[in-house]
Amino acid sequence: MNSQPRYQPYTGPAAGWGALRSVTQHWLDSKQPLKNLRALLKTNQNGGFDCPGCAWGDSPESGHIKFCENGAKAVNWEATKRGIGREFFARYSVAQLREQSDYWLEHQGRLTEPLRYDAASDRYLPISWDAAFGLIADTLKGLDSPHQAEFYTSGRASNEAAFLYQLMVRAYGTNNFPDCSNMCHEASGVALGESIGVGKGTVTFADFAHADAIFVFGQNPGTNHPRMLEPLREAIERGALVVCFNPLKERGLERFQHPQHPLEMLSNGDRPTSSAYFRPHLGGDMAAVRGMAKFLLQWEREQPGSVFDQAFIDAHTDGLADWLAAVAASDWAQIEQQSGLARGEIEQAARLYAGAERVITCWAMGITQHRHSVATIQEIANLMLLRGNIGKPGAGLCPVRGHSNVQGDRTMGINERPPAALLDALQRRFQFPVPRAAGHNTVEAINAMLAGQAKVFIGLGGNFAQATPDSPRTHAALQQCELSVQISTKLNRSHLMHGKQALILPCLGRTDIDRQAHGPQAVTVEDSFSMVHASWGQLPPLSAQMRSEPAIIAGIAHALLGRQPVDWLWLIEDYARIRELIADTLPGFANFNQQITQPGGFYLGNAAGARRWNTEGGKARFIAHALPEHLLPAEVRSQEQKPHLVLQTLRSHDQYNTTLYGLDDRYRGVHGMREVLFVNAADIQRLGFEPGQKVDLLSLWDDGIERRVKGFTLLAYDTPAGQAAAYYPETNPLVPLDSFGVGSHTPTSKFIAIRLLPASPDQRIH
Ligand SMILES: Nc1nc2c(c(=O)[nH]1)N[C@H]1C(S)=C(S)[C@@H](COP(=O)(O)OP(=O)(O)OC[C@H]3O[C@@H](n4cnc5c(=O)[nH]c(N)nc54)[C@H](O)[C@@H]3O)O[C@H]1N2
Ligand SMILES: Nc1nc2c(c(=O)[nH]1)N[C@H]1C(S)=C(S)[C@@H](COP(=O)(O)OP(=O)(O)OC[C@H]3O[C@@H](n4cnc5c(=O)[nH]c(N)nc54)[C@H](O)[C@@H]3O)O[C@H]1N2
Ligand SMILES: [Mo]
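An unreviewed UniProt entry annotates the protein as FdhF/YdeP family oxidoreductase originating from Aquipseudomonas campi. In the Sequence similarities (unreviewed entry) part of its UniProt record, the protein is described as follows: "Belongs to the prokaryotic molybdopterin-containing oxidoreductase family."

This is the structure we're talking about:
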């Protein structure tokens, strides 16, 4: 399915015919196109399964076809007829598999039986489930302390799996829960928790139809949340504004063609998705929003009562005066230089904001993966509070989540710094001394493994080796473990960068029918709008040896803890029993089993959305931060060599995080290659290179470690001066482990200072 390497700017709209062509290819590649077509029609429908793609929500009404190009890719990728078991692993040693690309590894198909690493032959060999559970339990029991084990979660795990997992881990005795959220929306949770008392978005799907303006910061929905393009387009059609902040001109944010709208497809017509497009520097959004606030303040002073929602501010907020003082103190030179926007552009953005009665602000990784992400998100919250844009219809904050159940996993207690209320509830219900000390997040877990303090790594899904920063160090960290266990659907590099002992445990995915003692089971998930609904697998599993995630966790827990604090094996006979435990312990889940029988699921509620503020003072808080003095951190500024460019690492159109569906990035015009660097033509010339030339990228930090990736092709691309982009995970070796967000510990994947060198002869990526 891979095309020849080619770079040719794309001129069509987002979605549309290009999307249909691409979906068809992925259908055929799954080797069971008809079955999958029937399954796809069940995506996000009542009685069907939740799309394993992103966490965008849907209108609760059923009937519409509710999948998109990239959802279809996710389904076809999971529901493939290709499977790998003992014959495959007999053919390849682990050393040989390491030579293969990430794309090749996953493309081999679904993992079909449990495997144990055999050092003598450097191969994975079959093992029985019971022996695997026994090995895990014995190794965990043999540790000096439960804090020597790390329990990772990726955001596809269902609520039922996540709840059992956290219960098992806490009953074992630790809060070491590194998870994908640490690398993703952690800053949103931290920032909003402090600002408005709840770390989630305050809007629902229905709000989009009532907004006068929708601001989209640092997000590429055309690729990563394609179903969001529709409400954006509808907003424009009814005369509302869509205002984008993105250094790159992302196609989906500019033009959109509806793939399920026959007339538009036949006429090849397309509609604009945005009404204004601002292109800040990487990391410049806080300064841009600060500048907007400066204008609002000026206009309010000129004409009191014309801009601020004083009644809301008085009734619901604290801290305005301090924040306004910080706004007044920020100077224009710094704002313009840091944001990369001219004062006139910021004024225009401020006018668009002030002119709208109801505003929704969305954001994603372009905001959360910076050093000052928490401060930036709090600045966005400040701007929204100023005009009462939280807790009224058609307005609110909307961090658009990534993985389909990453928000639900947090709700279920996958949290290394759990709130006391959660721990109290667990202790009350399950009657064991719940560990209180904070556990490790992703960066801390890597450091603990590197230092030999953590010796066991268990991954509930995901691809820890590739998703994390500083790849060579993370690989070394995993390889130092006594035992690594991966609960996975497909082969990836995390299985190859394994501990001294290692297990691969093959699990069912969202599309698979999950049959337990009491019949087929549904699981539940929570979307970005706090809607919880059931998901029923539709396709018979490829192998009888695969087990569901809850069944695997129950198996480990039973071997480790016996029947304490619950009878694990009894619970998984019928997942309604797990949901009863959730209903007993977590707020909002009363009558859980009954609630999920409602079409479209049920709304968990959001206190801030109802203008109840669970903050310390009981009010929403304006939080005042100074703008960062420098965007470049001291660890870079102290280096003798100055950076050539700032690099952001992002997703192509043909990938789902570390899963590569193909090597194309249609909207950016890239085909058949991924080791590319998008740079402005003038920058390429300034640095003395030619477009198309191969270069090595070197990142700067002050710890004496050389971080380099090799043989990247320079592509002249429309990006602001000094701002470059390249794909994740190929560039993860460049992200220093110590470069993370203040208060969030999220690796700064959107801001890496780099230098370019002519390519070294060795073209292999380190
Ligand atoms: N098909 C598909 N869907 C996905 C995923 C996938 O990989 N593939 N991943 C899922 C996951 S886990 C997540 S978290 C989401 C990710 O969804 P996104 O956040 O959309 O993902 P990225 O590709 O990282 O895109 C970041 C966007 O922010 C812009 N940007 C980067 N830095 C800045 C900045 O400093 N300021 C501003 N204003 N913009 C900036 C980039 O140009 C880019 O458009 O998508 C989810 N959905
Ligand atoms: N440089 C850089 N790094 C980043 C990012 C970035 O933008 N730039 N983004 C970060 C973000 S936002 C995120 S969320 C993380 C993602 O980090 P992860 O969630 O760890 O990574 P994924 O690539 O989503 O994991 C893919 C693997 O999950 C397994 N899998 C798929 N479906 C299932 C399932 O249903 N159950 C189980 N048990 N396993 C399954 C498959 O084996 C597959 O190989 O990466 C982060 N890393
Ligand atoms: Mo994510």
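Additional details are given in the paragraphs that follow.
## What about the packing of helix 22 (residues 420–430) against helix 29 (residues 575–585)?
As a packed pair, helix 22 and helix 29 sit with axes 9 Å apart at the nearest point and diverge in direction by 120°. In this view, helix 22 runs oblique relative to helix 29, as classed from their interaxial angle. The handedness of the crossing between helix 22 and helix 29 is right-handed. Only L581, D584 and T585 of helix 29 make contact with helix 22, whose side of the interface consists of A425, L426, R429 and F430. Partitioned by chemical class, the residues of the contact of helix 22 with helix 29 number four nonpolar, one polar and two charged.

## Description of a nonpolar patch on the surface
A contiguous nonpolar surface patch, about 280 Å² in accessible area, is contributed by L34, L37 and L41. Locating L34 in the fold gives a position in helix 2 (residues 33–40). A relative accessible area of 62% places L34 in the exposed class.

## Section: the environment of D331
Tracing the chain through its elements places D331 in the loop between helix 16 (320–329) and helix 17 (332–339). Judged by relative accessible area, which is 42%, D331 ranks as partly exposed. On a C-alpha basis, the gap between D331 and R290 in space is 9.8 Å, while along the polypeptide they are 41 residues apart. Here the side chain of D331 touches Q334 through a polar contact of 2.9 Å, landing on its backbone nitrogen.

What counts and what doesn't
Residue positions are counted from 1 within each chain, in the order its sequence is given. All chains are assigned letters beginning with A, and all ligands numbers beginning with 1, in the order in which they are written. Reporting in this predicted model follows two pLDDT cut-offs: at least 70 for local features of residues, and 80 or more for side-chain atom pairs to be given and counted; totals over whole chains, interfaces and linings ignore these cut-offs and use all residues. Only heavy atoms go into the side-chain values, all of them from the structure, while hydrogens and water stay out. UniProt positions are given in the numbering used here, feature names are shortened, and annotations may be inferred rather than shown by experiment. For helices, the fitted axis covers only the stretch in contact; all axes are lines through C-alpha atoms, and the angles between them, taken along N-to-C directions, range from 0 to 180 degrees. Each helix is a run of DSSP H or I of at least 4 residues and each strand a run of E of at least 2, with the numbering of both proceeding from the N terminus. Orientation is classified from the angle alone, with under 35 degrees giving roughly parallel, over 145 giving roughly antiparallel, 65 to 115 giving roughly perpendicular, and any other angle giving oblique. Here a crossing is called left-handed whenever its near helix is offset anticlockwise from the far helix by less than a right angle, and right-handed whenever the offset is clockwise. The contact rule is simple, with two residues in contact once any of their heavy atoms fall within 4.5 Å. Gly counts as polar in this scheme, as do all residues outside two lists: the nonpolar Ala, Val, Leu, Ile, Met, Phe, Trp, Tyr, Cys and Pro, and the charged Asp, Glu, Lys and Arg. Patches were defined on residues exceeding 30% relative accessible area and lacking a salt bridge, with like-charge contacts within 9 Å and nonpolar side-chain contacts (Val, Leu, Ile, Met, Phe, Trp, Tyr) within 5 Å. Surface accessibility follows the Shrake-Rupley procedure with a 1.4 Å probe radius. Residue values consider only the protein chains on display as shielding. A pairing counts as a salt bridge when a side-chain nitrogen of Lys or Arg comes within 4 Å of a carboxyl oxygen of Asp or Glu. Three exposure classes are used, based on accessible area relative to the maximum for each residue type with a 1.4 Å probe and protein chains only: buried under 20%, partly exposed in between, and exposed over 50%. Distance and chemistry together define a polar contact, namely a pair of N or O atoms within 3.5 Å, with one atom able to donate a hydrogen and the other to accept it when in protein, and with adjacent residues in sequence counting only for side-chain atoms on both sides.

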